[in-house]
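An overview of the molecular structure
Here are the chains, one letter per residue:
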Amino acid sequence: MSRIAVFMATGFEEIEGLTVVDLCRRAGIEVDTVAVTKEDGEGACDVTGSHGITVRADMSLDEVDFDGLDMIVLPGGMPGTRNLEACTPLMQKLDTFYKAGKCVSAICAAPSIFGHRGYLEGRNACAYPGFEKELAGAKVSAGPVEVSDHVTTSRGLGTAIPFALAIAERFCGSEKAEELAKSVVYK
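This one's a predicted model, so the numbers in the text were calculated from it and none came from an experiment.

1. Here's the deal with the overall build of the chain
- Summing up its helical and strand segments, the chain has six helices and 11 strands in all.
- Taken against the 2.2 N^0.38 rule, which gives 16 Å for 187 residues, the C-alpha radius of gyration of the chain at 15 Å falls within 12% of a compact globule.
- In terms of overall dimensions, the chain has C-alpha extents of about 40 × 35 × 30 Å along its principal axes.
- Across the 187 residues of the chain, 55% fall into the buried class.
- For the chain, the accessible area works out to roughly 8300 Å², and carbon and sulfur atoms hold 49% of it.
- Across the chain, the 18 positively charged side chains and the 27 negatively charged ones have centroids separated by 4 Å.

2. Focus: the environment of Met1
- On the secondary structure map, Met1 appears in the segment before strand E1 (3-8).
- Look at Met1 and you get exposed, because its relative accessible area is 72%.
- For the pair formed by Met1 and Ile29, sequence separation is 28 residues and the distance between their alpha carbons is 6.4 Å.
- The residues touching Met1, leaving out its near neighbours within four places in the chain, are Gly28, Ile29, Glu30 and Asp70.

3. Let's talk about the packing of aromatic side chains
- A complete count under the given rule lists five aromatic pairs for this structure.
- Ring centres of Tyr98 and Tyr119 lie 4.0 Å apart, and the angle between their planes is 5°; on these two criteria the pair is classed as stacked. Placement of Tyr98 in helix H3 (residues 88-99) and of Tyr119 in the loop between helix H4 (111-116) and strand E8 (124-125) is noted, with a sequence separation of 21 residues between them.
- Ring centres of Phe114 and Tyr119 lie 5.4 Å apart, and the angle between their planes is 40°; this geometry places the pair in the tilted category.
- Through successive ring pairs, a cluster of aromatic residues spans Phe7, Phe66 and Phe97.

4. Structural notes on H3
- Across its 12 residues, H3 extends 16 Å between first and last C-alpha, which sits within 8% of the 16 Å expected from 1.5 Å per residue.
- What H3 keeps buried is the set Leu90, Met91, Leu94, Asp95, Phe97 and Tyr98. The buried residues of H3 occupy an angular sector of 160° when projected down its axis, which confines them to one face. Residues of H3 that are exposed and angled more than 90 degrees away from the buried face: Thr96 and Lys99.
- Looking at the buried positions of H3, the neighbouring elements they touch are E1, strand E6 (71-74), helix H2 (80-85), strand E7 (103-107), H4 and strand E11 (151-154).

Procedures and definitions
Residues numbered from 1 in each chain as written. Predicted model: local features only at pLDDT ≥ 70, side-chain atom pairs only at ≥ 80, totals over all residues. Heavy atoms only, no water. Helix = DSSP H or I, 4+ residues; strand = E, 2+ residues; numbered from the N terminus. Rg over C-alpha atoms; globule rule 2.2 N^0.38 Å. Buried < 20%, exposed > 50% of the residue type's maximum accessible area, 1.4 Å probe, protein only. Areas by Shrake-Rupley, 256 points an atom, 1.4 Å probe, with all protein chains shown as cover. Lys, Arg positive; Asp, Glu negative; His and termini not counted. Charge placed at Lys NZ, Arg CZ, Asp CG, Glu CD. Contact = heavy atoms within 4.5 Å. Phe/Tyr/Trp six-rings, centres within 6.5 Å; stacked < 30°, edge-to-face > 60°. Expected span 1.5 Å × (residues − 1). Arc of directions from axis to C-beta.

The values reported here are purely geometric and, on their own, carry no functional implication.
This is the structure:
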């Protein structure tokens, strides 16, 4: 069974992260939610998103078995994207994943991280409107999702379902993704 992790930092876009978690779990993919930033309070793995919704992640960054992961997923949001990019240990693991040809995915503002790290050179990519200039070297599109080899990008909250379905399709096949889309009355 495939295993992915959705990394959440304070200020992440809740719908972008949780739609991936929900749909990929429905598809049978093991999904870990990971708190990159720890907040004071009751739960050590609580992360508050950009719209004030607090989510209890499955684990903290120091608990992740990166060798057991098939994909790293970065939701957008502000200041969530900046907080993800400021997390040096996560960025080091992301670089290792990318260089090994393992899957990396980002939505909304988060594809800017891929642009800053040089992952998008010659690739089709998309991001939240206004962040296209951060996609260094990419063939920028206005499509909802762009899959280019092991790199997947998407534009924002309104494209969270097709983004999650693209991830499900990668690991479960197009038939399963279509079945999943139908089951949630998408399109």
